[in-house]
Every structure is written in structure tokens, then in C-alpha cells.
Amino acid sequence: MTEQTLSPSGGTAPQRRSLKDAFALYTQRDVLSVSLLGFSSGLPLALTGGTLALWMKDVGVTLTTIGLFSLVGLPYTLKFLWAPVLDAVDVPLLSRLLGRRRGWLLACQIVLIAAIATLAVQDPVVSPFAVAACALAVAIASATQDIAVDAFRVERLDSSSEQAAGMAGYVTGYRLAMLATGAGVIALVAYLEEAHGLPRATSWFWGYMLAGACVAIGVIATLFAREPKAPERKAGEGTGHRLLATTVGAFRDFLTRDQAVMILLFVMLFKFCDAFAGVLTGPFVLDIGFSKATYVEIVKVVGFGGTIVGGFVGAYLARAHPLVTCLWISGVLQMMSNLGFTLQAYAGPNASVLTGVILVENFTSAIGTVIFVAYLSALCGAREHTATQYALLTALTAVGRTLLGSSSGAIAEASGWPLFFALTAVAGLPGLAALGWLQAKGHFRALRPDEAG
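This section reports on the structure supplied with the text. (Residues numbered from 1 in each chain as written. Predicted model: local features only at pLDDT ≥ 70, side-chain atom pairs only at ≥ 80, totals over all residues. Heavy atoms only, no water.)

## Details of the side chain of Asn338
The following threshold applies: Comment: elements are numbered from the N terminus, with helices defined as DSSP H or I runs of at least four residues and strands as E runs of at least two. Under the scheme applied here, a residue whose accessible area is under 20% of the maximum for its type counts as buried, over 50% as exposed, and between as partly exposed, the area being computed with a 1.4 Å probe on protein chains only. The contact definition used throughout considers only heavy atoms, calling two residues in contact when any of these lie within 4.5 Å.
Locating Asn338 in the fold gives a position in helix α18 (residues 323–347). Judged by relative accessible area, which is 0%, Asn338 ranks as buried. Non-local contacts of Asn338, meaning those with residues more than four positions away in its chain, are made with Cys273, Asp274, Ala277, Phe421, Thr424 and Ala425.

Pasting the structure below:
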């Protein structure tokens, strides 16, 4: 594996950079725009998930009804179905004023603000179907915004180091937004009720309205961002024909490349060991004797810090090494970090050990996420269907997280916690085997020049 890349002159030049250079990368206009858009992407998720469930429970909605509301999250899984629309169709007026990608971003953000505000005025007890309709509208607009943000990031950021830096900033913004609309909204509602004596319904109204107002950060980011260069379109080509060509072209462009099947397997398997263990992290922590309060304090709060630091370290690695080297590093780290839970299983409810295990796990997982997203971005080279290809690839990664990971509970019950987490580490080997095969076949030399390895 080489640690050199092609220089602009055609020769080779070291890819290593100083920490000062790495830090300066985050102040670049394009990277900063992606970071702010990450905040906008992270805002709606809790508002249709955990925060909404707590609101409904707080006002007396039954658990059965609350459980059914989890279906509101389906648009995030199915978003690849309408991703071709964002590649082939322009938003009236907005795309003409701002460009194809920024036009879609602003349109989604306008709909998001309106949908969240409409959700805020609903009564979950009196009008559960209206709440469901509004929450679904928020989820659809949010998933569509995610498609637009991903396409914008892939097209606007040029090198793998910029992609990694953009993703690190995106993850930071996303996590901060989830804290704001999760713990932040809940804390505000409690404060308004207890300190100011506002009625419960009024407190939740202001909590959601403030969350909706925060989407303005995404609007500012969209206006501040620079529009990526759009592909040329054939004169006289109709929207329907362009939509069909985009959908077909996205599949054909990917499936006709060398090693296409192995690439798809690698995409599906690389983060599998991470997801395999992550599905049962919460139940494991409670099962070995920790309280819910300790779970929140260590797994959520301390883990958040590990995720943020890991994201920036992943971006730095991408600047210091070729992409294939980073994939090897992050793949091995992900496997090894899972063994920490085996240690925790033997240690029992030891808070110090749990703190270390969670920090290491979140840190390595974030590194893997940033590097892996840089790889996925490198696969989406054709601007005619960036949104479609990226949405399809991320949908494929969800196969490992959902379908393959669904067996984790049965395996844990049969094996016990120590052996289960050892098996989750072993589950990373197929992904590394696919990585080695692709490297041997020269796959990474076929990517962007700065990603050769």
C-alpha cells in the first residue's frame, strides 16, 4: 500500500498534512456549508422519533399507539425510491435562482419548517391521525433533504480528504442537532412547565416551534453554499425521459464497472460488525446491572464526546493516508473495539470500565463512518445521478444493519454476552476479506487519483 498520491503536476507527492492544515480545512466555505447542513439534517429525526414518543406519553397516549408511530420513520429507509427525482427534476423558480442542488435543499427546508410548525399545534390525544400525518410530512421532507445534502456534499467536495472533513463536520452538526431536538426540547418543555407554570400543551408547542425555527440554520447554510457544477442536459429532453434515463443510468453505471458484485458486498459488510454489536448495546448495559440513568450518562453523553472526536480523527487520517489504508485501519479498529464489551461482560456493572469501553467504541465507530462515507462518495462519480447512486448505496448498508443484524438477539441468547461480542468482532472479517480482494484487483486505483492505493 502506498502513502503517496498524484500531484497536480502528474508526479507523486506525500499526502501527509500538519494538524494546522487539517484544522484549516474545516473553515473552507464548502466544508463549513456541509457541517451546517448536517445540523439541519439532524434536527427532524428526534421530532418524529424519541421526542414525539415522549410527548405522546406525556399527554396520555397509549403505548400501542406510540409503537405504531415508529412507522413514521419508513421514509428514511425508502428514500432511494424517489432519489432519481432530485437528479432529474428541478424545483420551479428555486432551482433557477439557486441551482439544482440548492434549490432542492431550500425547498425541503421550507417544507420542514411548515410541517414542524403544523405538528406543533396538534393535540396527540384529540387528533392522533393529524399528528401522524404531520409527522410523516416531516419525515418525508427530512429524508428528501438528506438525499439533497448527500448529493451536494459528494459533488461539491472534491478530494477524499475534503469528503472526510465534510463528513466529520456533518456528523458533529447532526449529533448536536439531535441533542437540541432530543434532550434540549425535553428540557425546555420541563422548564416552561415547572418554572413558568405554562400548560403542558403550550410547553410542547413552544418546544416544537423552537426546533422548527432552528431549521433556519440550514437555510442560511444553503444560501451561503456554492452550487456544484451541474451536468449538461440535452436540448429538448423531457422531464419524464430524463427521470427514466437517470434511474436506469444510475444502475447501469454502477453494475457495469469492474468488480461490481464485490463492491456491493463490501458496502454491505464493512460496517456490519459495528451494527451487529450496536443493536444490543442498550439491552446489554441494562442486563448486566446498570441503571437507566447510568446508561444515559455514559452511553449517550460520554459516547457523544467519543463520536465527535472520532469523526475529526477520521478526517485527519483521510488527509494523512490513502483511502484504502484508512479503510484497513478503521476496519480493524471496529473489530477490536467490540471486544471491549466482552471485557465489560466479565467486569459486570463497573462504571469506569463502561466509560472506557463506550469511549473506544464510539471513537472507532465514528472513524469508520467518516472513512466509509468518503469511500461511498468516491463511488458516486457521475453527476447525472449522484443522489440516486448514493441513496442506493446507503440503502444497501442498511441491509447489514437491519436484516442481518436482526439475528443478533437470538445469537446473544444462545451464546451469552461474552461470546456474543467476540462473535461480533469476527463478523468484521468478511468485510476485510472483501477489502483485500478489491485492493488486489486494483479497485482503488480506479477511483479518484488522490484515492489510489
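## What about a nonpolar patch on the surface?
Filter applied, for reference: Residues qualify for a patch when their relative accessible area is over 30% and they have no salt bridge, like charges being joined within 9 Å and the nonpolar side chains of Val, Leu, Ile, Met, Phe, Trp and Tyr within 5 Å. Accessible surface is estimated by sampling points in the Shrake-Rupley manner with a 1.4 Å probe; for residues, cover comes only from the protein chains shown. Just to be clear on terms, a salt bridge is a Lys or Arg side-chain nitrogen sitting within 4 Å of an Asp or Glu carboxyl oxygen.
A cluster of nonpolar side chains, namely Leu68, Leu71, Leu74, Leu78 and Leu81, defines an oily patch on the protein surface of about 490 Å² accessible area. In this structure, Leu71 sits in the loop between α4 (63–68) and α5 (74–78).

## Some words on the packing of helix α2 (residues 29–47) against helix α8 (residues 100–120)
Threshold: For helices, the axis comes from a line fit to the C-alpha atoms of the stretch in contact; other axes are also lines fit to C-alpha atoms, and the angle between any two N-to-C directions lies between 0 and 180 degrees. Orientation is classified from the angle alone, with under 35 degrees giving roughly parallel, over 145 giving roughly antiparallel, 65 to 115 giving roughly perpendicular, and any other angle giving oblique. By definition, any crossing whose near helix is turned counterclockwise from its far helix by less than a right angle is left-handed, and any crossing with a clockwise turn is right-handed. Each residue is assigned to one of three groups, with Ala, Val, Leu, Ile, Met, Phe, Trp, Tyr, Cys and Pro labelled nonpolar, Asp, Glu, Lys and Arg labelled charged, and all others, Gly among them, labelled polar.
Interhelical geometry of α2 versus α8 gives an angle of 30 degrees and a closest axis separation of 12 Å. The angle between α2 and α8 places the two elements in the roughly parallel class. α8 is crossed by α2, and the crossing has left-handed handedness. Here α2 contributes Leu37, Ser40, Pro44 and Leu47 to the contact with α8, which in turn contributes Leu105, Gln109, Leu112, Ile116 and Leu119. Per-class residue counts for the contact of α2 with α8 are 7 nonpolar, 2 polar and no charged.

## Things to note about the environment of Gly356
Tracing the backbone shows Gly356 in helix α19 (residues 351–379). What makes Gly356 partly exposed here is its relative accessible area of 32%.

## Regarding the packing of helix α17 (residues 292–320) against α19
Running from N to C, α17 and α19 point in directions that differ by 35 degrees, and their axes come no closer than 6 Å. Pair α17 / α19 crosses with right-handed handedness. Looking at the contact of α17 with α19 residue by residue, the class counts come to 18 nonpolar, 8 polar and no charged.

## As for the environment of Ser41
Note that Ser41 resides in helix α2. Overall, Ser41 belongs to the buried group, its relative accessible area being 1%. A sequence separation of 130 residues divides Ser41 from Val171, and the C-alpha atoms of the two residues are 9.8 Å apart.

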